[in-house]
Amino acid sequence: MTIQQDADILSPEFKANPFPFFAQLRSEQPVYPTILPNKQRVWLLSRYEDVHMLLMDGRFAKDCRNAMTEEQLKQRPWMPKMFRALEKNMLDLDPPDHTRLKKLVHKVFTPQRIQQMQERIQILAEELLEKVSDKGEMDLVKDFALPLPMTIITEILGVPDKDRDKFHKWSKVIVSLDQFSATLRSLPSVWMFIRYLKRFFKIRRAEPKDDLVSALIQAEESGDKLNEDELLAMVFLLLVAGHETTVNLISSGTLALIEKPDQMSKLVENPLLIDSAVEELLRFTSPVFMSTERYAREDFKIHNATIPRGELVLGVIGSANRDDDVFENPDLLDITREPNKHLSFGHGIHFCLGAPLARMESQIAINTLLKKLPNLRLKHSAESLRWRSSLILRGLETMPVAF
């Protein structure tokens, strides 16, 4: 076997093109153990059927306390107290806690609320492009792909305009925490973020408005409400998850189209293909490259490996989405691909709550971009682009383009 045992799966260089490595894993070692920077062992599942199983199977817990032995729990890395409230988010919980929170948030984060944003997203996309139209160049991430979903999610939550820049800064630091370690560098941002939200909740309790935070505070299901920590964790999750995937999808998706001009031309000529185009860009670029964490509740045998109880398991969504047992010519970008059973929003009970919003934002953003800037191209070579150092996400730091 010639598996590259020392592949640094978090490095920007690896993230630029991780697909050949995972193709080899699917073929030769579909259950692959590796060590994270915090010295924790993680098992990576790379085949579609295995990732799909992981996302659905009750033998894997989201909350490590439902899987680890007392001894393993004692050995977990230190977690600052302020982070513990944020752990009470839906993404990190198992039923019945997850079920209860999901019911409460579904009462207020409704398809109607999302659909109401359609016109606002269109106006914002056009405004952002208007700002740069005379310059002939921009950073697609900083000037377009980031501010669009970030503005929309903060507007939905009800965050005042004057505070949005702070939210951008805090969110960027907090999202970099996906490497399963709370760094000292991140503590001030998390502390300020939590302090701000607590004040904001106090204002909204006294003066509710027509926004998502007011609705979450008032939401009730069978006499049950969100407590302060749950409210914090929910808003934290909605804010971060509500824009990070979309930033990566818009920028990486646009890059994929620029690199495949035949597909870009097809979409420019027929903008009605945007729905299937976005599904294919979700599959092809896999903005959420790994599933969030799962922990084995028992020793788990899979293929020729045994994953010990309590150990961390991640499904490589970006690999599952290129599995040729499921997708024909998986390394080919085909914006008319049907069917397209990608796993980019997860599967099962933890399927992404914000998927309809991410889809709508990306469809509007990419179509508007191609309509307004038909000569869009990279300013420098694709090889010079910097990818983010991240375990869970796959996205560009910057993307200088000319038009």
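For the structure, check the block above.
Residues numbered from 1 in each chain as written. Predicted model: local features only at pLDDT ≥ 70, side-chain atom pairs only at ≥ 80, totals over all residues. Heavy atoms only, no water.

### Considering the sheet that holds strand 4 (residues 137-139)
Filter applied, for reference: In this description, strands pair whenever DSSP reports at least two bridges between them. Each helix corresponds to a stretch of at least 4 residues labelled H or I by DSSP, and each strand to a stretch of at least 2 residues labelled E; elements are numbered beginning at the N terminus.
Across the sheet, 3 strands lie side by side as 4-10-9; this open sheet has antiparallel pairing. The open sheet terminates on both sides in strands that have one partner only, identified here as strand 4 and strand 9 (377-378).

### A look at unusual backbone geometry
Each neighbour pair has its own omega, and for Pro95 with Pro96 the value is 5°, a cis peptide bond. At the junction of Glu338 and Pro339, the peptide bond is cis and its omega measures out at -10° in the coordinates. Unusually for a residue other than glycine, Lys39 sits at a positive phi of about 75°. Structurally, Lys39 is set in the loop between strand 1 (31-35) and strand 2 (41-45).

### What about the side chain of Lys15?
As a reminder, the rule being used: Distance and chemistry together define a polar contact, namely a pair of N or O atoms within 3.5 Å, with one atom able to donate a hydrogen and the other to accept it when in protein, and with adjacent residues in sequence counting only for side-chain atoms on both sides. Contacts are assigned to residue pairs with any non-hydrogen atoms lying within 4.5 Å of each other.
Relative to the helices and strands, Lys15 is located in helix 1 (residues 12-16). There is a polar contact of 2.8 Å between the side chain of Lys15 and the backbone oxygen of Leu393. In this structure Lys15 touches Ile9, Phe289, Trp387, Arg388, Ser390, Leu391, Leu393 and Arg394, once residues within four positions along its chain are discounted.

### As for the environment of Asp57
We count it as follows: Only protein chains enter the accessibility calculation, which uses a 1.4 Å probe. A residue is then buried if its area is under 20% of the maximum for its type, exposed if over 50%, and partly exposed in between.
Among the structural elements, Asp57 can be located in the loop between helix 3 (48-56) and strand 3 (60-61). The buried category is assigned to Asp57, whose relative accessible area is 17%.

### As for the nonpolar core
Put simply, the rule reads: As used in this record, nonpolar core signifies buried Ala, Val, Leu, Ile, Met, Phe, Trp, Tyr and Cys residues forming a set joined through side-chain atoms within 4.5 Å.
Core analysis: the largest hydrophobic core is formed by 94 residues, its most contacted members being Phe144, Leu216 and Met399. When residues in this core are grouped by element, the largest group, 16 residues, is from helix 14 (residues 228-259). For Phe144, the residues in contact, after removing those within four places along its chain, are Ala125, Leu128, Leu129, Met138, Asp139, Pro149, Ile250, Ala365 and Leu369. Core analysis: the second largest hydrophobic core is formed by 26 residues, Phe21, Val288, Phe289 and Val316 among them.

### Focus on the pairing of strand 1
Across 5 bridges, the pairing between strand 1 and strand 2 is antiparallel. Following the sheet pairing, Tyr32 is matched in strand 2 by Leu44.

### Description of the environment of Lys372
You can see Lys372 is positioned in helix 18 (residues 355-372). Here the alpha-carbon distance between Lys372 and Ser133, two residues 239 residues apart in the chain, equals 8.7 Å. When near neighbours in sequence (up to four residues on either side) are disregarded, Lys372 contacts Glu126 and Leu129.

### Things to note about the packing of helix 14 against helix 16 (residues 274-285)
Defined as follows: Between N-to-C directions, angles cover 0 to 180 degrees, with each direction set by a line fitted to C-alpha atoms, over the stretch in contact for helices. Our angle categories are set so that under 35 degrees counts as roughly parallel, over 145 as roughly antiparallel, 65 to 115 as roughly perpendicular, and the remainder as oblique.
Where helix 14 meets helix 16, the axes come as close as 9 Å, and the angle between the chain directions of the two elements is 95°. Judged on the interaxial angle alone, helix 16 and helix 14 are roughly perpendicular. Judged by residue contacts, Leu249, Ser252, Gly253, Ala256 and Leu257 of helix 14 engage Val278, Leu281, Leu282, Phe284 and Thr285 from helix 16.

### Topic: helix 16
Using the following cut-off: Expected helix span is given by 1.5 Å per residue-to-residue step, counting one fewer step than there are residues.
With 12 residues, helix 16 should cover 16 Å at 1.5 Å per step; its first-to-last C-alpha distance of 16 Å lies within 8% of that length. Burial analysis of helix 16 places 11 of its 12 residues in the buried class, which makes it a mostly covered element. Within helix 16, the full set of buried residues consists of Ile274, Ser276, Ala277, Val278, Glu279, Glu280, Leu281, Leu282, Arg283, Phe284 and Thr285. Buried residues along helix 16 sit in contact with helix 2 (19-28), helix 14, helix 15 (261-269) and helix 18.

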